[in-house]
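Observations on the model geometry
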Amino acid sequence: MSTITASPGTDRVRWLRPTLTVLVAAAVALGAPFCFAPFQVFQLTMVLVYAVALSGLNLLTGFGGQISLGHGAFFAAGAYTAAVMLDRYDTGHLATLPAAAAGCFLLGLGFGVPALRLRGLYLALVTLSFAVFLPPLLKRLEPVTGGSMGLTVNKLQPPAWSGLAEDQWMYFVVLAVTAVALLLARNLLRSRVGRALLAVRDNESAAEVMGVRLALHKTLAFAWSAMFAGVAGCLYTWVIGFVSPDSFSFVLSITLLAGLVVGGLGSLYGPLLGAAFVMYVPSVS
């Protein structure tokens, strides 16, 4: 009878590679704004913004198996929530972030109801209709949204003690929010909710037999996905300082889905790669 023994060195090697990877990635991310021109720092910041949005879409499509072509609409909802609060009510920038997240979470809960009975192409068409419908609605709500002219808001300014330029400060703020969002998505997928989403994606009938509540988890998948998109939209308003209905056409939703597919569906690092695709490929091509 043979025995299997675990070597302490094996555990150290297993943890050494991911630890080194995280440390190197953190060093590169923290040093990047000091090594590039302002416009390149702006591009990196936008990559992080799109990465947050794609993290939510990855929860819904990559792990939940539900196709959505309306993610850009939730992105727009978060952006306009921040812009209206800053322009009409003169709130602080930080107050807009939880408001955009909570508002889009509730919007996702309501919009997740069709997901209970639809799937595949039919669900994609319903979500696409939301993305097509929202820009004209924003134009009609001119007293609130500014109509076709949009809204211009003040950008988040660096504090005097930081000694950073505006683009550098904005990069670090967005980097911090992105790191929290990616960590939240990672922990969510490794929890009971994440395992339930995978079970629903692989086989709904088997998941239901095992006690997974399909209606609850499908609706929550939409809610979490919308919340991440709303946070990304809020960050977009901070970075750009301007929102208009034409910035959030249905093409944005299709571009986000294409970026996630290219980056890798169901991959924890897919949103980062997909965000780089969304940001750089159009400008390069």
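Residues numbered from 1 in each chain as written. Predicted model: local features only at pLDDT ≥ 70, side-chain atom pairs only at ≥ 80, totals over all residues. Heavy atoms only, no water.

**Quick notes on a nonpolar patch on the surface**
Taken together, Val 132, Phe 250, Val 251 and Ile 254 make up a surface patch of nonpolar side chains, about 320 Å² in accessible area. Looking at the nonpolar patch, the element that brings in the most residues is helix α11 (residues 250–263), giving three residues. Its location among the elements puts Val 132 in helix α5 (residues 120–140). (Patch = residues over 30% accessible without salt bridge, like charges linked within 9 Å, V, L, I, M, F, W, Y side chains within 5 Å. Areas by Shrake-Rupley, 256 points an atom, 1.4 Å probe, with all protein chains shown as cover. Salt bridge = Lys/Arg side-chain N within 4 Å of Asp/Glu carboxyl O. Helix = DSSP H or I, 4+ residues; strand = E, 2+ residues; numbered from the N terminus.)

**Quick word on the packing of helix α3 (residues 71–88) against helix α4 (residues 93–111)**
α4 packs onto α3 with a crossing angle of 140° between their chain directions and a minimal axis gap of 9 Å. Judged by the sense of rotation from one axis to the other, the crossing of α3 with α4 is right-handed. Packed against α3, whose contacting residues are Phe 74, Ala 77, Gly 78, Thr 81, Ala 82, Met 85 and Leu 86, the element α4 presents His 93, Ala 95, Thr 96, Ala 99, Ala 100, Cys 104, Leu 107, Gly 108 and Phe 111 at the interface. (Axes fitted to C-alpha atoms, helices over the stretch in contact; angles between N-to-C directions. Left-handed = near helix turned anticlockwise from the far one by under 90°. Contact = heavy atoms within 4.5 Å.)

**Observations regarding helix α2 (residues 38–63)**
Count 3.6 residues to each turn of an α-helix, and residues three or four apart come out pointing the same way. Compared with the 38 Å implied by 1.5 Å per residue over 26 residues, the 36 Å span of α2 between its first and last C-alpha is a close match. The largest bend along α2 reaches roughly 35° and is located at Leu 57. Of all the 26 residues making up α2, 21 are buried; the element is thus mostly covered by neighbouring parts of the structure. One or two positions beyond α2, positive phi appears at Gly 65, with a value near 75°. (Expected span 1.5 Å × (residues − 1). Bend = angle between axes of the 7 residues up to and from the residue. Buried < 20%, exposed > 50% of the residue type's maximum accessible area, 1.4 Å probe, protein only.)

**Some points on the pattern of salt bridges**
By the definition in use, this model includes two salt bridges. A salt bridge links Asp 87 to Arg 88, with the shortest nitrogen-to-oxygen separation between them at 3.3 Å. Accessibility expressed as a relative area gives 32% for Asp 87, which makes it partly exposed. With its nearest N and O atoms 3.3 Å apart, the salt bridge here joins Lys 139 to Asp 246. Remark: Asp 246 occurs in the loop between β2 (242–243) and α11 and Lys 139 occurs in helix α5; sequence separation between them is 107 residues. On the accessibility criterion, Lys 139 (34% relative accessible area) is partly exposed. With relative accessibility at 55%, the residue Asp 246 sits in the exposed group.

**Points about α11**
When the terminal C-alpha atoms of α11 are compared, their 20 Å separation across 14 residues agrees well with the 20 Å that a helix rising 1.5 Å per residue should span. Residues Leu 252, Ser 253, Leu 256, Leu 257, Gly 259, Leu 260 and Gly 263 constitute the buried set of α11. All buried residues of α11 fall inside an arc of 155° around its axis, so they share one side. (Arc of directions from axis to C-beta.)

**Focus on the side chain of Thr 178**
Of note, Thr 178 is situated in helix α7 (residues 166–189). Classification of Thr 178 as buried rests on a relative accessible area of 2%. Once residues lying within four places of it in the same chain are set aside, the contact partners of Thr 178 are Leu 48, Ala 51 and Val 52.

**Structural notes on the side chain of His 93**
Along the chain, His 93 turns up in helix α4. Discounting chain neighbours no more than four positions away, the residues touching His 93 are Leu 86, Asn 154, Lys 155, Leu 156 and Trp 238.

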